[in-house]
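Chain by chain, the residues run as shown.
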Amino acid sequence: VQLVESGGGLVQPGGSLRLSCAASGFTFSSFTMRWYRQAPGKEREWVALITSAGGSTNYADSVKGRFTISRDNVKNTVYLQMDSLKPEDTAVYYCNAKRLGYEYWGQGTQVTVSS
């Protein structure tokens, strides 16, 4: 099982990034996918989720209206489009796959929002 995030980097406030998480080794289309983030010195927090067929999404209040989660069940990939980025969005972003008693994590990708 692998979840591999990519797309992180350094961006100025107000800018955009698109994170990707490529999945392999499990039935991706059956799993709800989530993005989490962890800032230095803080606990990991949930950011967004998308149900297995992509029919439902939900967001943390801190990112609602700025971030968009989506998935491609053919490419086994989940995305996080991040717009209007703020310095407080700086964190390591992790993707998560969960279904019943199974849960998998990626290794994370760093996002830094700074001028």
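The structure this text deals with has already been given above.
I will try to describe carefully the structure that is included in this document.

**Considering the overall build of the protein**
Then step 1. Each helix and strand in the protein was counted, giving zero helices and 11 strands.
Then step 2. Helices and strands appear in the protein in the N-to-C order β-β-β-β-β-β-β-β-β-β-β.
Then step 3. Radius of gyration (C-alpha) of the protein: 13 Å, near the 13 Å computed for a compact globule of 115 residues.
Then step 4. With the C-alpha coordinates aligned to their principal axes, the bounding extent of the protein is approximately 40 × 25 × 25 Å.

**A short note on the nonpolar core**
Then step 1. Within the largest apolar cluster, 31 residues are counted, with the highest numbers of intra-cluster contacts made by Leu3, Trp35, Val78, Leu80, Met82 and Tyr93.
Then step 2. Where this core is concerned, the elements lending two or more residues are strand S3 (17-24), strand S4 (32-38), strand S5 (45-50), strand S7 (67-72), strand S8 (77-82), strand S9 (91-99) and strand S11 (109-113).
Then step 3. With residues up to four places along the chain from it excluded, the contact list for Leu3 reads Cys21, Ala22, Ala23, Phe26, Met33, Cys95, Asn96, Ala97, Tyr104, Trp105, Gly106 and Gln107.

**Describing the environment of Gln110**
Then step 1. Looking at the secondary structure, you find Gln110 in strand S11.
Then step 2. Spatially, the C-alpha atom of Gln110 lies 8.6 Å from that of Gly7, the residues being 103 residues apart in sequence.
Then step 3. Each residue touching Gln110, except ones within four places of it in the same chain, is listed here: Gly8, Gly9, Thr90, Ala91 and Val92.
Then step 4. In this structure the side chain of Gln110 is engaged in a polar contact, spanning 3.3 Å, whose partner is the side chain of Thr112.

**Section: the state of the cysteines**
The bond known as a disulfide is covalent and runs between the sulfur atoms of two cysteines.
Then step 1. The tally for this structure, following the rule as stated, stands at one disulfide.
Then step 2. One disulfide in the model links Cys21 with Cys95; its S-S distance is 1.9 Å. With the S-S dihedral at roughly 40°, the linkage between Cys21 and Cys95 falls on the right-handed side. You can see Cys21 sitting in strand S3 and its partner Cys95 sitting in strand S9, a full 74 residues away along the chain. Judged on exposure class, the residue Cys21 and its partner Cys95 are both buried.

**Overview of the side chain of Thr77**
Then step 1. Topologically, Thr77 is positioned in strand S8.
Then step 2. In this structure Thr77 comes out as buried when scored by relative accessible area, which is 9%.
Then step 3. Separated by 2.9 Å, the side chain of Thr77 and the backbone oxygen of Lys75 make a polar contact.
Then step 4. Beyond its immediate stretch of four places on either side in the chain, Thr77 contacts Ser20, Cys21, Ala22, Phe28, Ser70, Arg71 and Asp72.

**What to know about the sheet that holds strand S1 (residues 2-6)**
Then step 1. In spatial order, the strands read S1-S3-S8-S7; together these four strands make up an open sheet with antiparallel pairing. Strands with a single pairing partner mark the edges of an open sheet, and in this sheet they are S1 and S7. Averaged over all pairs of adjacent strands, the angle between strand axes in this sheet comes to 15°, irrespective of strand direction.
Then step 2. Note that S1 and S3 share five bridges and pair antiparallel. The residue bridging Ser6 from the neighbouring strand is Ser20, located in S3.

Definitions and cut-offs
Residues numbered from 1 in each chain as written. Predicted model: local features only at pLDDT ≥ 70, side-chain atom pairs only at ≥ 80, totals over all residues. Heavy atoms only, no water. Helix = DSSP H or I, 4+ residues; strand = E, 2+ residues; numbered from the N terminus. Rg over C-alpha atoms; globule rule 2.2 N^0.38 Å. Core = buried A, V, L, I, M, F, W, Y, C linked by side-chain atoms within 4.5 Å. Buried < 20%, exposed > 50% of the residue type's maximum accessible area, 1.4 Å probe, protein only. Contact = heavy atoms within 4.5 Å. Polar contact = N/O pair within 3.5 Å; in protein donor to acceptor, adjacent residues only side chain to side chain. Disulfide = S-S within 2.5 Å. Pairing = 2+ DSSP bridges. Axes fitted to C-alpha atoms, helices over the stretch in contact; angles between N-to-C directions.

Any functional reading would require information that these geometric values do not contain.
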